[in-house]
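Given next are the chains, with one letter for each unit.
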Amino acid sequence: MSLKSAATKVVRNIVEAAPDSWMPGAKPDPLITQHKHGHKGGLIGAPISRVDGPLKVRGAAPFAAEFPVTGMLYAAVAFSTIPKGRMTELDTAAAEAAPGVRLVMTYKNAPKLKPTPIFNSKPKAAGPDDLPIMQDDRIHWNGQPIAVVLADTQEEADHAKSLIRVSYQAEPAVTHFNEALQHPRELDDIMMEPARVKVGDAEAALAAAPHRVDLTYRTPRYNHNPIELHAVTLFWDDGELYIHDASQGVVQTAWTLAQVFGLDEKQVHISSPYVGGGFGSKTLWHHHVLAAAASKLSGQPVRCVLSREGVYRTVGGRTVTEQRVAIGSDAEGHFASLIHTGTTAMTPHNNLPEQFSFPARHAYASPNLSIGQNVADMDMLANTFMRAPGESVGTFALECAVDELAEQLDIDPIELRLRNEPEKDPASGKPFSSRNVEKMFRDGAERFGWSERSSTPATRRDGEWLIGMGCAEGTYPYYRMPGAKATLTLTSDGRAVASFSAHEMGMGTATVQAQIVAERLGLTLPCVSISYGNSSIDGTVLAGGSSQTASVGAAVIAAHTELVKKLIQLAGKDSPLHGLKPDEVDTRDGGIWSLADPSRGETFAAIFHRSGQEEVTVVGDPPPPLEMMHWAMHSFSAVFVEVGVNTVTGETRVRRMLGSFDCGKILNSKTAASQFRGGMIMGVGLALMEETQWDERNGRVMNPSLAEYHVPVHMDIPEIDILWTDIPDPHAPMGAHGIGEIGITGVGAAISNAIYNACGKRVRDLPITLDKLLD
């Protein structure tokens, strides 16, 4: 065990044993109780349209590749065509002589650069790997950037790139997953969690169980396909770097680039007001470093927009997995043993294993657990986060195995799941902060019409279509990342500005946070403005892991407390507020009022008038997120699907979908429903069509375009029904859990289970394409 893992374990044990009262979230957020009793403005949970919507529909919201910069050059990136070895010849003469070309940068003339510190190695590290970037002739994966062309137009840069001639000396490379599986390696931890969980003797209990399943499931590689291509527009000025980026982590990217170029992080300025989809991919990649290096070398601003192929070559995606799920139970369906193990591909140069074993740690009660995973190193592009990394593919294996056991036991799949509902977290023994899985399943089943499902496969028919239903449970952890801060400014005219280093990728961050700030201060929504998406703003926030709302929300709570303190001080001894503490008052109706005596208080305007000040600014610094170590905190889903399988063609059509969710308090019913549906649509792609075609001979992605990499389109998606429990978690800011990832978890399994119920064929390797149903 590493020193870091050992230290984390010690802290975790101390926090778990500490009294509840010591923890952040020991008392419910006042926003929960005050909203519940109607004391506030009714903004929490309301279907508020996105505040940035009008800008976007007018085309007035600038994205990374749309900022005009005088004297800008356009970049095109050339990629390697072998997985491992070295370049023996790199001829750029023809490219340099091509019309409009201003620079061709290779390892021969690139500035000296340090490798990027890899994600999680330092608090702000965001590097995808720790490889040298265009510093030598070495090749580490098929698709590695080998040259950057700068030209007056994009077309001239692209043409010149095609004129570069390269020769290689290839070396033996591991490009076949089956070969990599022969040499797995163990991990000390996965995302700061233990790599393995063992309770009792799971193998012995499995062998002794009267009913058991022991199965292998496989999932392929998946590539990122946000509509907005990865792009930067950047320039140097007086030794400082200015970047318009499409980013999920502006502060982390600024810090990491500062390490690469030997700068102070304050000398790197990143602006990212709008991001056209991220899903885990809009972090730091080699094109950031290369564009900045080329700009420095040329002395001119640079715009680098990766082509769709460029995204596939240089931006990581979800990696391949092989999973074993074994469950043993008694005749009534009570689990005696649960095993979820396996291997995922990774590289020696990054540290993001696809954590597929995580859901099994929290989903079901069992006296015997064996859960964990290895990694197998391959010579490939470093993989990265992709919506619900681990949980999306892990629930496919786990939830299909639960259904297979349910059939063996002749027990309804929902009833089997509910019979194994845990009273406490199975892996850690911690109490759940909030868990309403039975209500979630019962409500979803009733609305979906689960009682209409036939327990015998291949018995429902609609013409040449066989009809089936399936369900699955999903779970995704609650995260609140450390480092967030919020700056609140209140002005004498009753307006507030909240600033934090958060990100807007289309999920409604600015809208929801404006609702929260307005509700806390007792202001109307038009009186609140939000500033975000800039590395100059204090604090560190990552738009990932469904953590941003909680991270920023906790910071806003801290800032609100500081603001109330300052306003009470500002009010002075003559104010009816004199002597009151922040937890004894409420901010509502444009002022501060005593909770014990609602008539005691005064308006913000009165306070400012007496003091003679025009505004007050405070910074909120929330406590560390120890609640995550003290309670088991999760979002949950129950996914219901009806499919048709064509008996002639083998084609699968999703006919109906319903998602029932338990994610604490829903803060905006309109944006939340959109997030849930978006996740479920991605789950359809995961289950039925998406797959990175990988040439195992040379490690090359063979379908690097949306013409060949199939994603769901409108005709693939039926109407999706959404409901939620809306029960606040008393220990979470606003009572809310993250919702960005939970929509996709469980969808792959629900579709697979529905297909089996329709036609009686069980497919255990994704995607479930028609050829697998026709054999």
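Our structure is the block above this text.
Residues numbered from 1 in each chain as written. Predicted model: local features only at pLDDT ≥ 70, side-chain atom pairs only at ≥ 80, totals over all residues. Heavy atoms only, no water.

Undergrad: Explain the overall build of the protein chain here, please?
TA: Helix and strand counts for the protein chain stand at 20 helices and 32 strands. Counting only C-alpha atoms, the protein chain reaches 80 × 75 × 55 Å along its principal axes. By residue count, 61% of the 775 residues in the protein chain fall in the buried class. Of all intrachain contacts in the protein chain linking residues separated by at least 6 positions in sequence, the fraction that spans at least 24 positions is 81%. For the protein chain, the exposed area adds up to about 29,000 Å²; of that, 52% sits on carbon and sulfur atoms. Charged side chains of the protein chain number 70 positive and 90 negative; the gap between the two group centres comes to 2 Å. (Helix = DSSP H or I, 4+ residues; strand = E, 2+ residues; numbered from the N terminus. Buried < 20%, exposed > 50% of the residue type's maximum accessible area, 1.4 Å probe, protein only. Contact = heavy atoms within 4.5 Å. Areas by Shrake-Rupley, 256 points an atom, 1.4 Å probe, with all protein chains shown as cover. Lys, Arg positive; Asp, Glu negative; His and termini not counted. Charge placed at Lys NZ, Arg CZ, Asp CG, Glu CD.)

Undergrad: Would you explain the nonpolar core in this entry?
TA: For soluble globular proteins, nonpolar side chains are generally found buried alongside one another. If you look at the biggest cluster of nonpolar residues, it comprises 80 residues, and the most contacted ones within it are Ile327, Val641, Phe676, Leu688, Ile751 and Ile755. For this core, the element with the most residues is helix α11 (residues 391-409), which contributes ten residues. Excluding residues that lie within four positions of it along the chain, isoleucine 751 makes contacts with Val641, Val654, Gly683, Val684, Ala687 and Leu688. (Core = buried A, V, L, I, M, F, W, Y, C linked by side-chain atoms within 4.5 Å.)

Undergrad: Looking at this model, I keep getting lost on the sheet that holds strand β21 (residues 486-491). Mind explaining?
TA: In a beta sheet, neighbouring strands pair by backbone hydrogen bonds and run either parallel or antiparallel. Read across the sheet, four strands follow the order β23-β22-β21-β27 without closing on themselves; strand pairing throughout is mixed. Every interior strand has two partners, whereas the edge strands, β23 (528-531) and β27 (615-620), have only one. When the angles between neighbouring strand axes are averaged without regard to direction, this sheet yields 15°. Contacting β21 and β27, helix α15 (residues 548-571) runs over the sheet at an angle of about 140° to β27. (Pairing = 2+ DSSP bridges. Axes fitted to C-alpha atoms, helices over the stretch in contact; angles between N-to-C directions.)

Undergrad: Teacher, can you tell me more about the side chain of threonine 489 here?
TA: Residue placement: threonine 489 occurs in strand β21. What makes threonine 489 buried here is its relative accessible area of 16%. A distance of 2.9 Å separates polar atoms of two side chains, one belonging to threonine 489 and the other to threonine 617. Beyond its immediate chain neighbours, meaning those up to four positions away, threonine 489 contacts Arg495, Ala496, Val497, Glu615, Val616 and Thr617. (Polar contact = N/O pair within 3.5 Å; in protein donor to acceptor, adjacent residues only side chain to side chain.)

Undergrad: Got a minute to help me understand the pairing of strand β24 (residues 585-588) in this structure?
TA: Within a regular beta strand, the side chains point alternately toward one face of the sheet and then the other, so they alternate between its two faces. With burial as the criterion, each face of β24 is covered, one bearing Val585 and Thr587 and the other bearing Asp586 and Arg588. Bridging between β24 and strand β25 (residues 591-594) involves four bridges; their strand directions are antiparallel. The partner of aspartate 586 across the bridge, within β25, is tryptophan 593. The hairpin turn running from β24 into β25, its antiparallel successor, is two residues long, and aspartate 589 in that turn takes a positive phi close to 50°.

Undergrad: I tried to follow the packing of helix α18 (residues 669-688) against helix α19 (residues 747-759) on my own but got confused; where do I start?
TA: Remark: α18 packs on α19, axes separated minimally by 8 Å, with the N-to-C direction vectors making an angle of 55°. As summarised for this structure, α18 and α19 are arranged oblique, according to the angle between their axes. Crossing of α18 against α19: the hand is right-handed. The segment α18 lies against α19, with Met680, Gly683, Val684, Leu686, Ala687 and Leu688 engaging Val747, Gly748, Ile751 and Ile755. Within the contact of α18 with α19, the residues separate by chemical class into eight nonpolar, two polar and no charged. (Parallel < 35°, antiparallel > 145°, perpendicular 65-115°, else oblique. Left-handed = near helix turned anticlockwise from the far one by under 90°. Nonpolar A, V, L, I, M, F, W, Y, C, P; charged D, E, K, R; others polar.)

Undergrad: Explanation requested: the sheet that holds strand β26 (residues 601-603) in the structure shown.
TA: Taken together, the three strands give an open sheet; going across it, the order is β24-β25-β26, and neighbouring strands pair in antiparallel fashion. Both outer strands of the open sheet, β24 and β26, are each paired with one neighbouring strand and no more. When the angles between neighbouring strand axes are averaged without regard to direction, this sheet yields 20°. Note: β25 against β26, three bridges, orientation antiparallel. Considered in β26, the bridge of glycine 591 is made with threonine 603.

Undergrad: Would you mind going over the packing of aromatic side chains with me for this structure?
TA: Pairs of aromatic rings are described using the distance from one ring centre to the other and the angle between the two planes. Counted by the stated rule, this structure contains 14 aromatic pairs. Plain terms: the ring middles of phenylalanine 119 and phenylalanine 385 are 5.1 Å apart, the flat faces sit at 85° to each other, and that makes the pair edge-to-face. Linking phenylalanine 119 in the loop between β3 (101-105) and β4 (138-139) with phenylalanine 385 in the loop between β18 (374-377) and α11, this pair joins segments that are 266 residues apart in sequence. Classification of phenylalanine 385 by relative accessible area gives buried; the value is 19%. Centroid distance phenylalanine 235 to tyrosine 242: 5.3 Å. Interplanar angle 10°. Geometry classified as stacked. Phenylalanine 235 gets classed as partly exposed once you look at its relative accessible area, which sits at 24%. (Phe/Tyr/Trp six-rings, centres within 6.5 Å; stacked < 30°, edge-to-face > 60°.)

Undergrad: Sorry, what's going on with the environment of arginine 677 here?
TA: For arginine 677, the position within the fold is in helix α18. Accessibility expressed as a relative area gives 33% for arginine 677, which makes it partly exposed. Leave out the neighbours within four places in its chain, and arginine 677 touches Ile720 and Ile722.

Undergrad: Honestly, unusual backbone geometry in this entry has me stumped. Any pointers?
TA: Put simply, leucine 766 and proline 767 share a cis peptide bond, and its omega is -5°. With respect to the helices, strands and loops of the structure, proline 767 is situated in the loop between α19 and α20 (770-774). Positive phi values are uncommon outside glycine, yet methionine 192 reaches one of about 70°. Inspection of the secondary structure assignment puts methionine 192 in the loop between β7 (189-190) and β8 (193-194). By relative accessible area, methionine 192 is classed as partly exposed at 29%. We note that methionine 734 has phi near 60°; this positive angle belongs to a residue other than glycine. Counting through the fold element by element, methionine 734 comes out in the loop between β32 (720-724) and α19. On the accessibility criterion, methionine 734 (3% relative accessible area) is buried.

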